Amino acid sequence: MLKRVLLSEADLPDRWYNILPDLPAPLPGPLNPVTMAPLRPEDLDGLLPRKVIEHEFTRDRWVEIPERVRDVYKIWRPSPLVRAERLERALDTPAHIYFKFEGVSPSGSHKPNTAVVQAYYAAEEGVRRLTTETGAGQWGSALSFAGALFGLEVNVYMVRASFEQKPYRKSLMRSWGAQVYASPSERTEAGRQVLAKDPDSPGSIGIAISEAVADALSRDDTKFALGSIMNNVLLHQSVIGLEARKQMEIMGEYPDVVIGCVGGGSNYAGLAYPFLRDRLSGEHPRTRFVAAEPEACPTLTRGRLAYDYPDTTGLTPPLYMHTLGHDFIPGAIHAGGLRYHGDAPSLCLLKEHGLVEARAFPQTEVFDAAVRFARSEGFVIAPESAHGLKAALVEALAAREAGQERVVLFNISGHGIFDLAAFDSFLAGTLENPTVTDAQIAASLTDLPSPAASA
């Protein structure tokens, strides 16, 4: 049995895949946060590099990857595809379980796939400084790494709950030269407003985005970089699935189900969208797609499909997405990268059309799955990735009950070496399961923006 498929550098994709032309229905576009009219590319000129804006709005199915970006990708890409046959034996399942392992990048996750691109285009444009948010620290680490490669100053607003839970993520970012601030902070008006209401606020990704955007807009030499949810980010992440398709061909199999965790949607879309293209074209019409999220932040399973701001204070263009409300602050779960109130609009559209299934899991079940995986396959994976793993276990056990073979592919978006304190808590029996009530969600959905009449 072949355990791993390692592609050569010559197999590295030279184009990204853009799913927008293949969606089953038109995607409602973003809105201008001031006028609430449809957003024009030029509306983003002060916030994002021009080439990033071009990628955000492009309708091209294939977008060329610049040679300098491919050269950086070669530091860790192509990433391995692994058959989890030890886990299969432990589960006594006829399912064939595969995982794509993105934890081999310098920052330990899939995030550099877009961080390198955004930093490259910013440097090409003469930008001196980038600002960003980060939940668990994976995105902040990735942009810090990319900024160091292209000579950019990087300023990271890290959600306070993760800032306190994951001290060595801060060390990693600072090693690459970044400045890291706990969010909410006193550095921006957005942060000060939150702290005035709740001095002990654990923060949220939405609050951190508000702070990073406000910082970027305050200086002419600065642009903002976002790590998920936007079309351009999902485009850049498609290298994951493009590699995985080729690797599955080498294995002589094709997935019956494609699984990943979802916070904003970047790692899941990166793996799933190239396979979704096969389903949308009719080439593989039976493949299922499962998105796994935390019960404490159930955007796809319990959120409302509506226009909402990606950030807390309304500085960013409203997107049509499943949302829990931009004021929503999830419980302080250890999967900080999944503590986000909304999801990528294209992923939400696919879910509404029945092409993507959504499942939510409690924190302790997710960590139980992660420990089971570590004791069979050896890898300690990120709590975010463990949500996808949990969904993969559900599929594998269902195959055992049905007595049917099933090919399961899931994405490990990052390693869990910086999350060992959370594993300590789980193993000691002190890890909690934060929950959210319908009333809490309803209260957060009372202040959604409304599109202009002509939108």
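Residues numbered from 1 in each chain as written. Predicted model: local features only at pLDDT ≥ 70, side-chain atom pairs only at ≥ 80, totals over all residues. Heavy atoms only, no water.

- Looking at an unreviewed UniProt entry, the chain carries the name Tryptophan synthase beta chain, with the source organism given as Streptomyces pyxinicus.
- UniProt's Function (unreviewed entry) comment on the chain is quoted here verbatim: "The beta subunit is responsible for the synthesis of L-tryptophan from indole and L-serine."
- The record in UniProt for the chain states the following under Sequence similarities (unreviewed entry): "Belongs to the TrpB family." (UniProt positions renumbered as here; feature names shortened; annotations may be inferred.)

1. Thoughts on the overall build of the chain
Part 1 of the argument: Looking only at helices and strands, the chain features 18 helices and 15 strands.
Part 2 of the argument: A compact globule built from 455 residues should have a C-alpha radius of gyration of about 23 Å, and the chain, at 20 Å, falls within 12% of that.
Part 3 of the argument: With the C-alpha coordinates of the chain rotated into their principal frame, the extents come out at 60 × 50 × 45 Å.
Part 4 of the argument: Relative to its 455 residues, the chain shows a buried fraction of 63%.
Part 5 of the argument: A separation of at least 24 residues holds for 77% of the contacts in the chain among residues at least 6 apart in sequence.
Part 6 of the argument: If you average the places of the 45 positive and of the 56 negative side-chain charges in the chain, the two averages end up 3 Å apart. (Helix = DSSP H or I, 4+ residues; strand = E, 2+ residues; numbered from the N terminus. Rg over C-alpha atoms; globule rule 2.2 N^0.38 Å. Buried < 20%, exposed > 50% of the residue type's maximum accessible area, 1.4 Å probe, protein only. Contact = heavy atoms within 4.5 Å. Lys, Arg positive; Asp, Glu negative; His and termini not counted. Charge placed at Lys NZ, Arg CZ, Asp CG, Glu CD.)

2. Focus: the UniProt feature "domain: Tryptophan synthase beta chain-like PALP" (unreviewed entry) in the chain
Part 1 of the argument: UniProt tags residues 76-414 as "domain: Tryptophan synthase beta chain-like PALP" (unreviewed entry).
Part 2 of the argument: A helix fraction of 45% and a strand fraction of 19% characterise residues 76-414, whose end C-alpha atoms lie 13 Å from each other.

3. Re the packing of helix H15 (residues 363-377) against helix H17 (residues 420-427)
Part 1 of the argument: Two elements in contact, H15 and H17, have axes separated by 10 Å at closest approach and are oriented at 105°. It follows that H15 is roughly perpendicular to H17 by the angle criterion. Only Ala422, Phe423, Phe426 and Leu427 of H17 make contact with H15, whose side of the interface consists of Thr364, Phe367, Asp368, Ala370, Val371 and Arg375.
Part 2 of the argument: Split by residue class, the contact of H15 with H17 holds 7 nonpolar, 1 polar and 2 charged. (Axes fitted to C-alpha atoms, helices over the stretch in contact; angles between N-to-C directions. Parallel < 35°, antiparallel > 145°, perpendicular 65-115°, else oblique. Nonpolar A, V, L, I, M, F, W, Y, C, P; charged D, E, K, R; others polar.)

4. With respect to the sheet that holds strand E15 (residues 407-412)
Part 1 of the argument: Taken in spatial order, the 7 strands line up as E1-E4-E5-E15-E10-E11-E14 in an open sheet, and their pairing is mixed. Strands with a single pairing partner mark the edges of an open sheet, and in this sheet they are strand E1 (4-5) and strand E14 (357-361).
Part 2 of the argument: Across 6 bridges, the pairing between strand E5 (residues 96-101) and E15 is parallel. In the sheet register, phenylalanine 101 faces E15, and the bridge partner there is isoleucine 412.
Part 3 of the argument: Contacts between helix H11 (residues 239-251) and the sheet are confined to E1, strand E4 (81-83), E5 and E15, with E5 contributing the most and set at about 140° to the helix.
Part 4 of the argument: Against the sheet, H15 touches E4, E5, E14 and E15, its axis set at about 95° to E14. (Pairing = 2+ DSSP bridges.)

5. Notes on helix H7 (residues 167-175)
At 3.6 residues per turn, the α-helix brings residues three or four places apart onto the same side.
Part 1 of the argument: Listed as buried for H7 are Arg169, Lys170, Leu172 and Met173. Along the axis of H7, the buried residues cluster in a sector spanning 160°; they form a single face. Of the residues in H7, the exposed ones pointing more than 90 degrees away from the buried face are Tyr168 and Ser175.
Part 2 of the argument: Tucked into the core, H7 has its buried residues touching strand E6 (129-134), helix H5 (138-149), strand E7 (153-159), helix H6 (160-165) and strand E8 (179-183).
Part 3 of the argument: Just past H7, the residue glycine 177 takes up positive phi, approximately 95°. (Arc of directions from axis to C-beta.)

6. Describing the pattern of salt bridges
Part 1 of the argument: As enumerated under the stated definition, the model contains 33 salt bridges in all.
Part 2 of the argument: For glutamate 243, the salt bridge identified is with lysine 100, shortest N-O distance 2.8 Å. Remark: lysine 100 occurs in strand E5 and glutamate 243 occurs in helix H11; sequence separation between them is 143 residues.
Part 3 of the argument: The partner of arginine 400 in a salt bridge is glutamate 401, with the nearest N and O atoms 3.8 Å apart.
Part 4 of the argument: Three or more residues joined by partner-sharing salt bridges are found here, namely Arg128, Arg129, Glu153, Arg187, Asp215, Arg219 and Asp221. (Salt bridge = Lys/Arg side-chain N within 4 Å of Asp/Glu carboxyl O.)

7. Topic: unusual backbone geometry
Part 1 of the argument: With omega at -5°, the peptide bond leading from arginine 77 into proline 78 counts as cis.
Part 2 of the argument: On the secondary structure map, proline 78 appears in the loop between helix H2 (67-73) and E4.
Part 3 of the argument: Residue proline 184 follows serine 183 across a cis peptide bond; omega there is 10°.

8. Concerning the environment of valine 63
Part 1 of the argument: If you trace the backbone, valine 63 turns up in strand E3 (residues 62-64).
Part 2 of the argument: Looking at valine 63, the relative accessible area reads 10%, which means it is buried.
Part 3 of the argument: The sequence separation of valine 63 and arginine 15 amounts to 48 residues, and the corresponding C-alpha distance is 5.2 Å.
Part 4 of the argument: Not counting the four nearest positions on each side in its chain, valine 63 is found in contact with Asp14, Arg15, Trp16, His55, Thr58 and Leu235.

9. Focus: the UniProt feature "modified residue: N6-(pyridoxal phosphate)lysine" (unreviewed entry) in the chain
Part 1 of the argument: As recorded in UniProt, the sites labelled "modified residue: N6-(pyridoxal phosphate)lysine" (unreviewed entry) are Lys111.
Part 2 of the argument: The residue lysine 111 is located in the loop between E5 and helix H4 (112-124) in this model.
Part 3 of the argument: On the basis of relative accessibility, which here comes to 11%, the residue lysine 111 falls in the buried class.
Part 4 of the argument: Ignoring sequence-local partners within four residues, the contact set of lysine 111 consists of Gln138, Trp139, Ala142, Gly227, Ser228, Gln237 and Ser266.

10. Section: the sheet that holds E7
Part 1 of the argument: What the 4 strands build is an open sheet, ordered E8-E7-E6-E9; its pairing is parallel. In this open sheet, the two edge strands, each paired with only one partner strand, are E8 and strand E9 (222-224). Each neighbouring strand pair of the sheet contributes to a mean axis angle of 25°, computed without reference to strand direction.
Part 2 of the argument: Looking at chain direction, E7 and E8 are connected through 5 bridges and run parallel. Bridged to tyrosine 157 within E8 is tyrosine 181.
Part 3 of the argument: Sheet contacts for H7: E6, E7 and E8; angle to E7, the most-contacted strand, approximately 170°.

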